[in-house]
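Structural overview for review
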Amino acid sequence: MLLIFAQKNSMKIIFETWSWYVSGFLIGLIMLALTYFGKSFGMSSNLRSLCSMTGLGKRVAFFDFDWKAQRWNLVVVLGAMLGGFVAVHFMSDASNVAINPKTIAQLAQLGIEAPNGKLMPDALFGIAIVTSPKAIFILLIGGMLIGFGSRYAGGCTSGHAISGLSNLQIPSLKAVIGFFIGGLIMAHFLLPLLVN
Amino acid sequence: MKNILKYLLVGFVFGIVLTKSEAVSWYRIYEMFQFQSFHMYGIIGVAIFTGVIGIQIIKRNNIKDIKGNAIAIPDKEKGSARYWIGGIIFGLGWALVGSCPGPIFILLGAGFWTVLIVLFGALLGTYLYGLLKSKLPH
């Protein structure tokens, strides 16, 4: 009886949305693990490494650095991709992404469908968007802002919000406040214009 | 080999946690910026709380890293312009496509192929920064 109960519970843990406190704690531990390995937690620097790998260093000084010393971080990326694959294909069910009904109603007005267990809206990320120049433009511009902004600010959510703030860095606090200023402007004013 | 495996494992756990917490979801980021859920704020808050405690423990006890070297966490460069302007630009992108650099890779691994466009954009943006770096206020 107990065994069945334990099994049912463990199945639940696998498929349901993980709570913010367990997830936040684990993300903190991941940052600390990399610190213990003598490295630092930061994902956006991989974008610079990927640029350097293509040989851009010969033409642009910013990419002329020893990216091979950053290979460990590319291995973290590879692991993260595998983790994403396993979590989406073997650890998901229809109860996931249960966002606020108010959010769903708001999204419907923008023509974006409810999640129904999906991580990403088809309206923006479905494979059908590849025939829509506007949809491609949105993803491309979004990516460019992320790449440009994170390098300009010297880090992203992982490097500044988690690593930097954990080490009580004032520059990281400025960057994170900037992230939210930009995010709020986009979510409240620009996104409705772009999507409609 | 063992060296590589530990990074692969950390990345693997990172990918699972970010997916299972739905921090990789465009919907969750949108919901966060609409202040319609505590979920994302809770994740970020607890991660920072755990990090602050952990870093303080490391610093106060002079804990050595895995190779026995002192753990020295470099301070971020002083400055303002780059953090405010770069931060705002990043935030605009974060809220538009709902993913930061980590999730871009995680979502690609999970098979959301259109995120390749986001990755291409992010590489292009990184390249543009590299080109313009000397002309920008930092």
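For the structure itself, look to the data block above.
What you are looking at is a predicted structure, and each value in this text was computed from that prediction instead of being measured. (Residues numbered from 1 in each chain as written. Chains lettered and ligands numbered in written order. Predicted model: local features only at pLDDT ≥ 70, side-chain atom pairs only at ≥ 80, totals over all residues.)

1. Some remarks on the overall build of chain A
Looking only at helices and strands, chain A features nine helices and zero strands. Counting helices and strands in the order they occur from the N terminus, chain A gives α-α-α-α-α-α-α-α-α. Counting only C-alpha atoms, chain A reaches 60 × 45 × 35 Å along its principal axes. When the 196 residues of chain A are sorted by exposure, 45% land in the buried category. Across chain A, every contact between residues at least 6 apart in sequence was considered, and the portion connecting residues at least 24 apart equals 47%. (Helix = DSSP H or I, 4+ residues; strand = E, 2+ residues; numbered from the N terminus. Buried ≥ 20, exposed ≤ 12 C-beta atoms within 10 Å, placed from the backbone. Contact = placed C-beta atoms within 7 Å.)

2. Quick word on unusual backbone geometry
Excluding glycine, most residues fall at negative phi; most peptide bonds, likewise, are trans. Residue and element names in this part refer to chain A. Residue Val97 is not a glycine yet carries a positive backbone phi of 55 degrees. By the secondary structure assignment, Val97 is in the loop between helix H4 (71-90) and helix H5 (101-109). A positive phi angle, close to 45 degrees, is found at Asn116, a residue other than glycine. Summarising the element assignment, Asn116 is placed in the loop between H5 and helix H6 (122-125).

3. Focus: the interface of chain B and chain A
Each partner contributes to the interface: chain B provides 101 residues, whereas chain A provides 108 residues. When contributions to the side of chain B that touches chain A are tallied by element, the ones reaching two or more residues are helix H1 (2-20), helix H2 (26-33), helix H3 (39-60), helix H4 (81-97), helix H5 (101-109) and helix H6 (115-132) of chain B.

4. So, the environment of B:Ala23
Residue and element names in this part refer to chain B. Along the chain, Ala23 falls in the loop between H1 and H2. The class of Ala23 is buried, set by 27 C-beta atoms lying within 10 Å. Residues Ala23 and Cys100, spaced 77 residues apart in sequence, show a C-alpha to C-alpha distance of 9.7 Å. Apart from residues lying up to four places away in sequence, Ala23 is in contact with Leu18, Arg28, Met40, Ile43 and Pro103.

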